[in-house]
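# Survey of secondary and tertiary structure
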Amino acid sequence: MSDSKDPAQSDPLQIGRFLFSSGEFGPWRIRETQEIFRNDFLRLARDQVVRPDGGPGEHVVVAIKPGVCVVALDEENHVRLTREFHYAVGRETVEAVSGGIDQGETALACAHRELQEELGLKAAQMEWMTTVDPFTSIMVSPTALFLARGLSRVPAAPEATELIGELSLPLSQAVAMVADGRITHAPSCVAILLTASRLATGQ
């Protein structure tokens, strides 16, 4: 993924609906908007709109800082996943390496940084697979999916809020965990399935 296709984030929360302020917006029309809340990670607005059916309405939209999700694959086709308690869902989850893209950072740089911070791994090859929208109705948070190969150990540097365990398992088992609901983080699910598809086709 070259920098020309992966621009640094000057304002990570200026995305989706937040690229527009008023006027025609697809089949909607934004009459006025009010920003309710903003911090470094999240932006919330309430819009007064004309709905597609012509009636008046209100629409709330949330932007979450764009992020990355990285499947780390070793030479034995084992994936290195994280196991961590996540505050919003209130339980421990198994996921691929994930994190938000900082201001002034590209998705590719973020993928390398998060892989080192969370699992203490460095990748000789970091391949962009696709970008997904985990939500599309009231929330926008594009997430770039990467496949990391050529892994080597480096010092980990988790954030103060992160208590991360590492889980290494065959890719086929990770696919089974997606299928039976043991892995529920949507970008991780897509990234794991894409990785399995690439290996099946010899990529």
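Attention here is on the structure that accompanies the text. Predicted model only: the values in this text are computed from it and were never measured. (Residues numbered from 1 in each chain as written. Predicted model: local features only at pLDDT ≥ 70, side-chain atom pairs only at ≥ 80, totals over all residues. Heavy atoms only, no water.)

## Some thoughts on the pattern of salt bridges
In this structure the tally under the stated criterion is 18 salt bridges. For Arg43, the salt bridge goes to Glu35, with nearest N and O atoms at 2.6 Å. The salt bridge partner of Glu127 is Arg198, with a shortest N-O separation of 2.4 Å. In this pair, Glu127 sits in strand S9 (residues 121-132) while Arg198 sits in helix H3 (residues 186-200), placing the two residues 71 residues apart along the sequence. (Salt bridge = Lys/Arg side-chain N within 4 Å of Asp/Glu carboxyl O. Helix = DSSP H or I, 4+ residues; strand = E, 2+ residues; numbered from the N terminus.)

## Some words on the nonpolar core
Counting 21 residues, the largest nonpolar core has Val71, Val79, Leu81, Leu169, Ile183 and Ile192 as its most contacted members. If you list the elements that add at least two residues to this core, you get strand S5 (67-73), strand S6 (78-86), S9, strand S11 (143-153), strand S12 (165-170), helix H2 (171-179) and H3. The leading source of residues in this core is H2, at four residues. Those residues within four positions of Ile183 in sequence are excluded, and the remaining contacts are Leu81, Val94, Ala174, Met177, Val178, Ser188, Cys189 and Ile192. Counting residues in hydrophobic clusters, the runner-up holds 17 residues, among them Ala72, Cys110, Ala123 and Ala144. (Core = buried A, V, L, I, M, F, W, Y, C linked by side-chain atoms within 4.5 Å. Buried < 20%, exposed > 50% of the residue type's maximum accessible area, 1.4 Å probe, protein only. Contact = heavy atoms within 4.5 Å.)

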